[in-house]
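# Per-entry structural report
So you can see what is in the structure, the chains are spelled out below.
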Number of protein chains: 2
Amino acid sequence: MAEFIKTYYNLTWKFLTIQTNFLVRRLLIMLVIVIMASASHPAFSQQVPLADLTKYVNPFIGVDNNGNTLPGPCVPFGMVKLSTDCGKLNTNSGYKTGTDIKGFSHTHVSGTGGGAKYGNVLVMAVTGELNPANYASPGSDEQAKAGYYSVFLSRYQVKAELTASHSVGFHRYTFPASEKSSIIIDAGSFLSSLKSLGENQELVGSEISHCSANRIEGYTRVRGGWNKGGAYTVYFCIETDKSASSFGTWTDGVLNPESEQAVDHGNSNGAYLTFQTTSNQTVQLKAGISFISCSKARENINIEIPSWDFEKVRQQANDTWNKALNSIIVKGGTEGQKSIFYTALYHTMIQPTDRTGENPCWKSDEPYYDDYYAIWDTYRTVNPLLILIQPDRERDIIRSLIDIYRHEGYMPDARSGNINGRTQGGSNCDIIVAEAFLKGISGIDYKTAYQAMITNATIPPGGSQEQEGRGGINEYINLGYVPTGFEPPEVEWQSSNPKNYDRGGSRTLEYAANDWAIAQFAKGLGYNDDFDNYKKRASNWANLWQRVNDHDATGFIWPKKANGTWLEDFSVFKNGGWANVFYESNSWEYSFYVPHDVRSLIDSCGGKQAFVSRLDTFFTNGYFQVNNEPGFLSPCLYIYAGRPDKTTFRIKQILNNHYSSGRGGLPGNDDSGAMSAWYVFNAMGFFPNAGQDVYLITSPVFEETTIQLSLEKTFTIKVKDLATENPYIISAKLDGKTWDKAWFTHGDIINGGTLELLMGNKPGSWGITTPPPSMSQFKY
Amino acid sequence: MAEFIKTYYNLTWKFLTIQTNFLVRRLLIMLVIVIMASASHPAFSQQVPLADLTKYVNPFIGVDNNGNTLPGPCVPFGMVKLSTDCGKLNTNSGYKTGTDIKGFSHTHVSGTGGGAKYGNVLVMAVTGELNPANYASPGSDEQAKAGYYSVFLSRYQVKAELTASHSVGFHRYTFPASEKSSIIIDAGSFLSSLKSLGENQELVGSEISHCSANRIEGYTRVRGGWNKGGAYTVYFCIETDKSASSFGTWTDGVLNPESEQAVDHGNSNGAYLTFQTTSNQTVQLKAGISFISCSKARENINIEIPSWDFEKVRQQANDTWNKALNSIIVKGGTEGQKSIFYTALYHTMIQPTDRTGENPCWKSDEPYYDDYYAIWDTYRTVNPLLILIQPDRERDIIRSLIDIYRHEGYMPDARSGNINGRTQGGSNCDIIVAEAFLKGISGIDYKTAYQAMITNATIPPGGSQEQEGRGGINEYINLGYVPTGFEPPEVEWQSSNPKNYDRGGSRTLEYAANDWAIAQFAKGLGYNDDFDNYKKRASNWANLWQRVNDHDATGFIWPKKANGTWLEDFSVFKNGGWANVFYESNSWEYSFYVPHDVRSLIDSCGGKQAFVSRLDTFFTNGYFQVNNEPGFLSPCLYIYAGRPDKTTFRIKQILNNHYSSGRGGLPGNDDSGAMSAWYVFNAMGFFPNAGQDVYLITSPVFEETTIQLSLEKTFTIKVKDLATENPYIISAKLDGKTWDKAWFTHGDIINGGTLELLMGNKPGSWGITTPPPSMSQFKY
């Protein structure tokens, strides 16, 4: 079957000039979709014995140093991400090493920055008199594994243990002897950020009811957060394995003993169950959540965790992770390197969140994923990784993106709490879709996806230029770039007027890259006029290229005003944000971002030698921002200039110096696994140029890496003479034949094979003659 | 207090050129808001005995002939609008004379067109074997009063009686003797429209639970409808006064006897309670609804209707209506005329829906109204009427509009199910706000309202050019008009591409009128630059004025393409829709729509005589569409040309020929009371030019009409020699002094007074010398 698909797409892609009838082609695509939809692709049901890989997962890697990863338990792409919330103003994960623990809530995102999202349905175990306004406790003896977390709450002398299934959090609390041991459920709790940031969550309302002596139901309704989304509602059903001796609720901090219910009047409501406990007595608790209803949350418990066997659920979570991690087997390397690697791989499967069956916005037979947070990050690494190790998952994620377009008008660039937003740069789902198409992922309604991409590229997103689509697209179309500079506000409030969008530099660059994704896709679908149009647009980055000099580099992306004049007061080192020329970056970094036409970029920089020298300045002078997505591809650009040795050298430096197995082990926000997936790819020895059918060979960490591509097929990278003193690749073979390119295509490996790399202590001539493809060299 | 406000606003308005410091002015406005918010304006708590006016209300007026009014009970602006749903494909009210009754649901809108909205939480009484797929019954012996409805369900021999409070429907069913008398609750029912219309509602999910032998809770979640909104959820709690002998649920038409719950999996779920009844035994039922939660719905019952006294609740509903109707007292006229008049007045207080405390989208201390359906209709008549008879209500409605802007970025032009949409023409909330400002309504954050209006006027609404704001605003700003004509689609799906917006004719006209509203408001707030800009924009209608001839009329609004050329293939009689040049109208009608500058329009038409002749052609040849809002002001335009006699004559014709006291008594969609309010105004003898401080004197129906402006103040219109043979006003007095203008301002009457009109059988010279104000004659 895979052969047939590959052949079909190769036909579609290669024989572009053949004017096959549009409808016939459409029917063929539909046929492939229908056939493939009925053929499962059981990547993880292989019969070979699974290696024990979860032992390498350390969920504490990246929790500090702004990594913002989640230490708490979940299953891959799980709806419940149960984790520890600390302090009053929260980090994005809720967790902060060394601060008091407020409790354990069931919804989180991992690795994000800006205003925090979620942190709903918080459970805490306490002893003594209840104080709804202050129940946090210091924690000690923390442990975290894939699917398990425990901590000792020293204020109360309670051990808390957590595990999870897809939609249910399972808690086990071991109490001391106490007349008043209580479980509290805070339906008004959520992760808080500074209001002045403008990205803080706000309570809309909450409700909680004691349904019986051991069942509590309710919901939290919250709006805001980084994506500035409208209200979302998390319903819950919580069951305990023991009946309480007393109970009550609270509203806005005031206790109401024996109250059975706190109705939603926009308040912060909570409830508690009090038990008399003997020493080491446990109280177990299952918290089902749902975005549909409390009854659905209760049903989720009954389906996923019918028993009270904590260890069994923990084992199931571990097994699920272990299966997922077995998609890549590494040999060699240190235990520390394996811990970094498998924890990174673990981090790539936390988001987006699979909410199929839990969509309160519309009814559909398509998969539903939320927490694309953000595609601006993940399109570079996570999505290309999933195409290799979980193609069915990537297919479902893309189907969900398309279904969001069908019902809401735009695919998201980011989405959370069931609402699109925000767009940091371009509409990078264009790149995700084009890449899946180019790499032959079947089962996707590509025609509708194309409509969604054209919508991104042509329809202004309106009032909020940050919510979806491409802000300033009219200007981009009319001028060939997104202009910069704020119009002088007529009255003072207009300083925040959304029509005064900027990010003219980074948006223009990303829109050009997105346009090339559309162009390739248009060609594949036979829309030749669109191909010509979008190929032309894909060169728009050059409209902002000004021949200025800095540190011996010539030519930079420079802000241009709507009237065609360059901005005068500007620095190539100016790091920007939402309202500046370059989002989260500066011109030094972003002037390398022409991923689809590096060849033209090299020409603009003055040729290969000047380009290599410029890259050297970039890395040597520390202008490269390792914690920042816009530079993800930069170390690989040497390959395009015939210096793969320098790519290998730089990548190895970054892998060694900026990733570690400690709590600060990630160089910055993990961004839904984007930073981790960067590690995974490069540690395997290659890196994707997202949205194109090309992988660049970089710097392997392990002597052997095997990717389980499908039930029958594997791709293995074997490295000879791997040693610290041998940082360079000096020769390569693919399936036994000499391979003199420092890159390969998806087609080169997707049917299985082996890439052998020979390392050496000096750069040789390997990989310098045939650069990877660039837009401007393609012949059509 | 009213004096102070009036003085304050007069100061603000008149001394426009005084450069008072902005912040000082802002503080003054805030001060007025704070003071007024604490002073109630008890328009309906006057101590004078109330007249019995509900006896004139006949809720069946307008249910047929596309009037689409609601026959079922509600209280003014009530959340529950309980009414009868008939058939499978529904009218917009759910009701259709002479068709089988499916049941009684709790949410409706009144008078609308297009795809139906709501119809949630349907209750029906049946006997015998249950069939969830077909339980409709013919109805007979229908009665409807303000706050009461009854019908005999002949299939089951059950009498159904309904009344309502704000959030609760109260049902009384009188059963025959039967072993199986059942109440069924269909949580999956909603009003259906043809899917091909693209405005049909779709089920997202539903849930229902038997909580006890006499309490059922659940919800319906639906999306779509005319405004193409996302999902809304109506929660309910239903209690019966008797415990059932058996019960069950159904899912997608399949009965599940004794099932306690049907959980939401996107299905259509229902439940039933079965009783053994003796002859004439009643079962009463209270159905609380909420947009927050089932518990809130239950609480709504407990607060609003704690008892089981049907007659008491019915009386309360009647009394509430009677108080509201007592804001206008008429003397003279026939019983039929009073029935038309008071039913029309009744129809003006059904929407928007007061959902304060029931907003699931955000938490706020501001009022919350939904079902602005649509402002495109109501700004012309309903909102100006509320300013006179319920100024506090109008203030709250406007505060709600502003709060929607604060949280969602745009004020709605229409909104339903908590989601903005759709905009038929301009952003006519601009007119509502400007009018309230000009007429001195206090307690409104006018500064934020101004921001919202500037947003409408400058920020393109994005992907959906129909949802909010002004579609094509960039083109309107750049070209001076909204261009017409569809770009040729590149691929076939683009024929529905939202960038190909049209309505270029009607949008340009409405945007110009909206701009004048902004200009007046800007002047009042001291934004003189904005005033100049928007006054200039308010002349943009002239950019589409082409000197073509038709039926002796010269000059018509004509579609122009983006390149500045006129569309060639076009007819002035072409009635359009969403995708045409004139929304819901044609050029003959819309070429009269320059409400803010009739003087310039008259000049463009060739002077007063040509204008009068053109109006004569319009009415005589039947080009006037009486059932259509764009022509609401047209009969009054004669006044601007010095022929008030013709206005009086035409209005009388329309009142007599197109309104009656029967089921088809309205000429078309009542549109949330817009059509009824047109009657109310003209029957009183005057009509507002919305958004301006002017009332035009038209054609009184009654010998005396008194408006209760406030607790102490009334405005009375007395008509002498009113008779069929005396269709013309020949002289007038205001407060005893000769009044030779066929118009007056809000300031002329708002402190109370009496307008005396003398009728005659021939047109005289009254009212011809001083036309009402037009933009182009104002001196600033």
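Residues numbered from 1 in each chain as written. Chains lettered and ligands numbered in written order. Predicted model: local features only at pLDDT ≥ 70, side-chain atom pairs only at ≥ 80, totals over all residues. Heavy atoms only, no water.

## Concerning the packing of aromatic side chains
- On inspection of all chains with the given rule, the structure shows 103 aromatic pairs over all chains.
- Here the aromatic rings of B:Trp321 and B:Tyr346 are separated by 4.4 Å at their centres, their planes lie at 45 degrees, and the arrangement is tilted. Residue B:Trp321 is found in helix α4 (residues 310-325), and its partner B:Tyr346 is found in helix α5 (residues 335-347); the two are separated by 25 residues along the sequence.
- Here the aromatic cluster, defined as three or more aromatic residues joined through ring pairs, consists of A:Phe556, A:Phe573, A:Trp588, A:Phe592, A:Phe611, A:Phe618, A:Phe619, A:Tyr623, A:Phe624 and A:Tyr638.
- In this arrangement the basic side chain of A:Lys560 is found over the ring face of A:Tyr481, its NZ or CZ atom lying 5.0 Å from the centre.
- The ring centre of A:Trp566 lies 4.6 Å from the NZ or CZ of A:Lys560, which sits over that ring. (Phe/Tyr/Trp six-rings, centres within 6.5 Å; stacked < 30°, edge-to-face > 60°. Helix = DSSP H or I, 4+ residues; strand = E, 2+ residues; numbered from the N terminus. Lys NZ or Arg CZ within 6 Å of the ring centre and 35° of its normal.)

## Focus: the pairing of strand β9 (residues 201-212) of chain B
Residue and element names in this part refer to chain B.
- Most of β9 sits out of view: nine of its twelve residues are buried.
- Pairing of β9 with strand β10 (residues 215-224), which is carried by ten bridges, proceeds in the antiparallel orientation. Each bridged residue has a counterpart across the sheet, and for Leu 203 the counterpart in β10 is Val 222.
- Relative to strand β14 (residues 261-262), β9 is paired through two bridges, and the arrangement is antiparallel. In the sheet register, Ser 209 faces β14, and the bridge partner there is Gln 261. (Buried < 20%, exposed > 50% of the residue type's maximum accessible area, 1.4 Å probe, protein only. Pairing = 2+ DSSP bridges.)

## Observations regarding helix α3 (residues 294-304) of chain A
- With eight of its eleven residues buried, α3(A) lies for the most part within the structure.
- Considered for burial, the residues of α3(A) that qualify are A:Cys294, A:Ser295, A:Lys296, A:Ala297, A:Arg298, A:Glu299, A:Asn300 and A:Ile301.
- If you follow the buried residues of α3(A), they end up packed against β7 (168-175), β10 (215-224), β11 (229-240) and β16 (281-290) of chain A together with β9 and β14 of chain B.
- Between the side-chain oxygen at the start of α3(A) and the backbone nitrogen of A:Ser295 there is a gap of 3.4 Å, and the oxygen is on A:Ser293. (Contact = heavy atoms within 4.5 Å. Polar contact = N/O pair within 3.5 Å; in protein donor to acceptor, adjacent residues only side chain to side chain.)

## Things to note about the pattern of salt bridges
- Summed over all chains, the structure comprises 60 salt bridges over all chains.
- Linking B:Glu311 and B:Arg172 is a salt bridge whose minimum nitrogen-to-oxygen distance equals 2.7 Å. Pair noted here: B:Glu311 is in helix α4 and B:Arg172 is in strand β7 (residues 168-175), with a separation of 139 residues, a long-range link.
- On the accessibility criterion, B:Arg172 (16% relative accessible area) is buried.
- Here B:Arg355 makes a salt bridge to B:Asp370, at a shortest N to O gap of 2.7 Å. One end of the pair, B:Arg355, is in the loop between β18 (353-354) and β19 (369-370); the other, B:Asp370, is in strand β19, and 15 residues separate them in sequence. For the pair B:Arg355 and B:Asp370, a shared accessibility class is recorded, and that class is buried.
- Shared partners join several salt bridges into a network, and the residues in it are A:Arg355, A:Asp370, A:Asp371, A:Glu408 and A:Arg415. (Salt bridge = Lys/Arg side-chain N within 4 Å of Asp/Glu carboxyl O.)

## A word on the confidence of the model for chain A
All names here are of chain A.
- Per-residue confidence for chain A gives a mean pLDDT of 92, with 91% of residues at or over 70.
- Within the model, pLDDT remains below 50 along residues 1-46, and this stretch shows 68 contacts once partners closer than five positions in the same chain are excluded.
- The model gives residues 486-500 a pLDDT under 50, and that stretch makes 24 contacts with residues more than four places away or in other chains.
- Of the two predicted TM-score estimates for the complex, the pTM is 0.92 and the ipTM is 0.91. (pLDDT = per-residue confidence, 0-100.)

## So, the side chain of A:Thr706
All names here are of chain A.
- Position of Thr 706 among the secondary structure elements: in strand β26 (residues 704-708).
- When its relative accessible area of 16% is taken as the criterion, Thr 706 is described as buried.
- Separated by 3.1 Å, the side chains of Thr 706 and Thr 716 make a polar contact.
- Beyond its immediate sequence surroundings of up to four residues, Thr 706 is in contact with Ser 327, Ile 328, Ile 329, Thr 714, Phe 715 and Thr 716.

## Looking at empty space enclosed by the protein
Residues and elements named next belong to chain A.
- Tallied over the entire structure, the rule returns 18 cavities of 30 Å³ or more.
- Its volume calculated, the largest cavity comes out at about 160 Å³.
- What lines the largest cavity is a set of 20 residues, and nearest its centre among them are Tyr 379, Tyr 593, Pro 595, Asn 689 and Ala 690.
- Going through the elements one at a time, α12 (504-525) and β24 (686-688) are the ones with two or more residues in the lining of the largest cavity. (1 Å grid on protein atoms, 1.4 Å probe; cavity = no way out; pocket = protein on both sides within 12 Å on 5 of 7 lines; lining within 4 Å. Points joined across faces, edges and corners; volume = space filled by probe spheres on them.)

## A word on unusual backbone geometry
All names here are of chain A.
- A cis geometry characterises the amide bond from Gln 351 onward to Pro 352, with omega recorded as -5 degrees.
- Here Pro 352 lies in the loop between α5 (335-347) and β18 (353-354).
- Phi is positive for Asn 66, close to 65 degrees, though the residue is something other than glycine.
- For Asn 66, the position within the fold is in the loop between α2 (22-38) and β1 (83-86).

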